[in-house]
Amino acid sequence: MPRACFTLQVRPDRLAEYRERHAAVWPEMLRALRDAGWRDYRLYLRDDGLLVGVVETDDLTAAQAAVDATEVSARWEAEMAPFFVTGDGSGKAELPLVFDLDAQLTAIGETTTAPSGDPS
């Protein structure tokens with residue numbers, strides 16, 4: 001599965017509320033993300049406001065455009081905009097992949113899961 005990773009910066013004074021809002025995202029927003037091709041989407045938030053997103057998607061740009069075209073996304077983004085240092089959520093910086101354990105194990109002919117049994 002192709003994955004994308006990106007960062008955003010949440011305002012440090014809004015971290016608690018940002019976490020609260022994401023504890024129960026609107027069901028229609030969840031469906032919009034799913035229907036736009038976002039799979040296994042996770043957000044990680046550091047105490048200084050660094051937000052890291054990881055998502056499985058065939059094409060992040062296309063998936064973002066598809067969700068942006070929905071009415072619910074426009075409402076969600078308008079509510080979330082004040083949480084970001086940039087004043088909106090458009091400052092996503094996609095991170096390039098520099099290491100993939102499974103790919104390198106496969107390249108050397110190894111399995112990607114550890115052998116089971118007694119480690120001694």
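One can find the structure itself at the top, above this paragraph.
The residue count restarts for each chain, going from 1 along the sequence in the order it is written. The model is predicted, so local features are restricted to residues of pLDDT at least 70 and side-chain atom pairs to those at 80 or more, both for listing and for counting; the totals for chains, interfaces and linings are taken over all residues. Computation of side-chain values covers all heavy atoms of the structure but excludes hydrogens and water.

Quick notes on the packing of aromatic side chains
For Phe, Tyr and Trp, rings pair up if their centres lie within 6.5 Å, where Trp contributes its six-membered ring, and each pair is then called stacked (planes under 30 degrees apart), edge-to-face (over 60) or tilted (otherwise). In the structure shown here, the tally under the stated rule is five aromatic pairs. Pairing Trp26 with Trp76 gives two aromatic rings, centres 5.0 Å apart and planes at 85 degrees, and the pair type is edge-to-face. Separated by 50 residues along the polypeptide, Trp26 in the loop between helix 1 (15–23) and helix 2 (27–35) and Trp76 in helix 4 (residues 71–80) bring together distant segments of the chain. You can call Trp76 buried: its relative accessible area is 8%. A network of ring pairs unites the aromatic residues Phe6, Trp38 and Tyr41 as a single cluster. Lying over the aromatic face of Phe83, Arg14 brings its terminal NZ or CZ to 4.2 Å of the ring centre. Under the DSSP-based scheme used, a helix requires at least four consecutive residues in state H or I and a strand at least two consecutive residues in state E, with every element numbered from the N terminus. Each residue is placed in one exposure class: buried if its accessible area under a 1.4 Å probe, protein chains only, is under 20% of its type's maximum, exposed if it is over 50%, and partly exposed if it falls in between. Only when the NZ of Lys or the CZ of Arg is both within 6 Å of the ring centre and within 35 degrees of the ring normal is a charge said to sit over the ring.

Concerning the nonpolar core
Judged by nonpolar contacts, the single largest core of 22 residues is most densely connected at Val10, Tyr18, Met29, Trp38, Val67 and Phe84. Where this core is concerned, the elements lending two or more residues are strand 1 (3–9), helix 1, helix 2, strand 3 (50–56), helix 3 (60–68) and helix 4. Other than its neighbours up to four places away in sequence, Met29 contacts Val67, Val72, Ser73 and Trp76. Buried Ala, Val, Leu, Ile, Met, Phe, Trp, Tyr and Cys residues that are joined via side-chain atoms within 4.5 Å together make up what is termed a nonpolar core. We call two residues in contact whenever any of their non-hydrogen atoms come within 4.5 Å of each other.

Some thoughts on the sheet that holds strand 1
Sheet architecture is open: four strands sit in the order 2-3-1-4, paired in antiparallel fashion. Either end of the sheet is taken by a strand with one partner, and the two such strands are strand 2 (39–45) and strand 4 (93–95). On average, each strand axis in the sheet is inclined to that of its neighbour by 25 degrees, with strand direction left out of account. The pairing criterion is simple: DSSP has to find at least two bridges between the two strands. Across three bridges, strand 1 lies against strand 4 in antiparallel orientation. Axes here mean lines fitted to C-alpha atoms, for a helix over just the part in contact, with angles spanning 0 to 180 degrees between N-to-C directions.

A word on the pairing of strand 1
Judged from the seven bridges that link them, strand 1 and strand 3 form a sheet pairing that is antiparallel. Note that in strand 3 the partner of Ala4 across the bridge is Val55.

Some points on unusual backbone geometry
The phi angle at Asp40 is positive, at roughly 45 degrees, despite the residue not being glycine. Structurally, Asp40 can be placed in strand 2.

Some details on a nonpolar patch on the surface
There is a patch of nonpolar side chains on the surface, built from Val98, Phe99 and Leu101 and spanning about 350 Å² of accessible area. Examined against the element boundaries, Leu101 turns out to sit in helix 5 (residues 101–107). For Leu101, a relative accessible area of 47% translates into the label partly exposed. A patch consists of residues whose relative accessible area exceeds 30% and which take part in no salt bridge; residues with like charges are grouped when within 9 Å of each other, and nonpolar side chains (Val, Leu, Ile, Met, Phe, Trp, Tyr) when within 5 Å. Note that accessible areas follow from Shrake-Rupley with a 1.4 Å probe, and for residues the cover is restricted to the protein chains shown. Salt bridges, as used here, are contacts in which a Lys or Arg side-chain nitrogen is within 4 Å of a carboxyl oxygen on Asp or Glu.

A look at helix 2
Given 3.6 residues per helical turn, the α-helix brings residues three or four places apart onto the same face. Within the span of helix 2, buried status applies to Met29, Ala32 and Leu33. One side of helix 2 carries all its buried residues, which in axial view fall inside an arc of 100 degrees. Structural note: helix 2 exposes Arg34 and Asp35 on the side pointing more than 90 degrees away from its buried face. Arc definition: it is the arc formed by the directions from the helix axis to the C-beta atoms.

Details of the packing of helix 2 against helix 4
In the contact formed by helix 2 and helix 4, the axes pass within 9 Å of each other and the chain directions differ by 120 degrees. What the angle tells us is that helix 2 and helix 4 run oblique. Considering only the axes of helix 2 and helix 4, their crossing is left-handed. For the pair formed by helix 2 and helix 4, the contact residues are Glu28, Met29 and Ala32 on the first element and Val72, Ser73, Arg75 and Trp76 on the second. Put simply, angles under 35 degrees are roughly parallel, angles over 145 are roughly antiparallel, angles from 65 to 115 are roughly perpendicular, and the rest are oblique. It is the rotation of the near helix from the far one that decides the hand of a crossing: anticlockwise by less than a right angle makes it left-handed, clockwise makes it right-handed.

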